[in-house]
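One letter stands for each residue in the lines below.
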Amino acid sequence: SAVISQKPSRDICQRGTSLTIQCQVDSQVTMMFWYRQQPGQSLTLIATANQGSEATYESGFVIDKFPISRPNLTFSTLTVSNMSPEDSSIYLCSVDRGGNTGELFFGEGSRLTVL
Amino acid sequence: GDSVTQMEGPVTLSEEAFLTINCTYTATGYPSLFWYVQYPGEGLQLLLKATKADDKGSNKGFEATYRKETTSFHLEKGSVQVSDSAVYFCALISSNDYKLSFGAGTTVTVRA
């Protein structure tokens, strides 16, 4: 199993500011995934982060708004830039158990509220 | 693209009742299918999975059978407990992709 720690667990932010979410995994993993879970909705994949290369973003998400870093095999950050109230969501970091199985471990999420 | 559609909630049940949450999928190729669960105040976790047609995934008294003919993966439990109160997500991963696609989630509340 993998243990995933996310920081912050929650935050209240002002419109126009940016916030960086950190994700630490207790083992080395190739791919890390960032999801967004808007209130009352399902999970939407934002991007896939591979170590040593640029993140791959899903349709509707762009690097300028959600820059991602992946400096090593156990750590990643997601920044939510120039926030608006529509960015109020839970942001989740996840990793695959191995081999693109679809069996993901999730962090507990970072709940952002933008005023 | 590949997607899953699951029964809308919320669902409210009494203890020991039978639970079914419907899930159907649309996919090219041969997807693997999953049910994830999110208990109150906890992170999302894998409940069960099935990787090919007619496979049955099971865990914690829950079962789901991969039905290719009906493109379905319905979740069932014969006798629910209060501790089963959670949000349940159906999900799939394509055979030619590594990205997991989630359904909308179904909130289940079990009353004593």
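Predicted model only: the values in this text are computed from it and were never measured. (Residues numbered from 1 in each chain as written. Chains lettered and ligands numbered in written order. Predicted model: local features only at pLDDT ≥ 70, side-chain atom pairs only at ≥ 80, totals over all residues. Heavy atoms only, no water.)

Colleague: Would you mind showing me how to read the sheet that holds strand E7 (residues 68-72) of chain A here?
Modeller: Backbone hydrogen bonds are what pair the strands of a sheet, in a parallel or an antiparallel way. Residues and elements named next belong to chain A. Strand order in this open sheet of four strands is E1-E3-E8-E7, and the pairing throughout is antiparallel. Only two strands of the sheet have a single partner each, and these edge strands are strand E1 (4-7) and E7. Sheet twist, expressed as the mean angle between neighbouring strand axes with direction ignored, is 15°. In the sheet, E1 pairs with strand E3 (residues 19-25) via four bridges, with the strands oriented antiparallel. If you follow Ile4 over to E3, its bridge partner there is Val25. (Pairing = 2+ DSSP bridges. Helix = DSSP H or I, 4+ residues; strand = E, 2+ residues; numbered from the N terminus. Axes fitted to C-alpha atoms, helices over the stretch in contact; angles between N-to-C directions.)

Colleague: Explain the sheet that holds strand E3 (residues 19-21) of chain B to me, please; I cannot follow it from the model alone.
Modeller: Residue and element names in this part refer to chain B. If you trace the four strands from one edge of the open sheet to the other, you get E3-E9-E8-E7, paired in antiparallel fashion. Looking at the sheet topology across the chains shown, the edges are occupied by E3 and strand E7 (56-59). Sheet twist, expressed as the average angle between the axes of neighbouring strands with direction ignored, equals 15°. As judged from the three bridges shared by E3 and strand E9 (residues 75-77), these two strands associate in the antiparallel manner. Its bridge partner lying in E9, Ile21 is registered against Leu75.

Colleague: Explain unusual backbone geometry here, please?
Modeller: The phi torsion of most residues other than glycine is negative, and most of the peptide bonds are trans. Backbone torsion omega between A:Lys7 and A:Pro8 reads -10°, so that peptide bond is classified as cis. Mapping A:Pro8 onto the fold places it in the loop between E1 and strand E2 (10-13). A cis amide bond links B:Gly9 with the next residue in sequence, B:Pro10, at an omega value of -5°. With respect to the helices and strands, B:Pro10 occurs in the loop between strand E1 (3-6) and strand E2 (11-14). Of note, A:Asn82 is a non-glycine position whose phi angle comes to about 45°, a positive value. As for its position among the elements, A:Asn82 is in the loop between strand E8 (75-80) and strand E9 (89-96). On the accessibility criterion, A:Asn82 (53% relative accessible area) is exposed. Backbone geometry at B:Asp54 places phi at a positive 75°, although glycine is not the residue there. Counting through the fold element by element, B:Asp54 comes out in the loop between strand E6 (45-50) and E7. Judged by its relative accessible area of 54%, B:Asp54 is exposed. (Buried < 20%, exposed > 50% of the residue type's maximum accessible area, 1.4 Å probe, protein only.)

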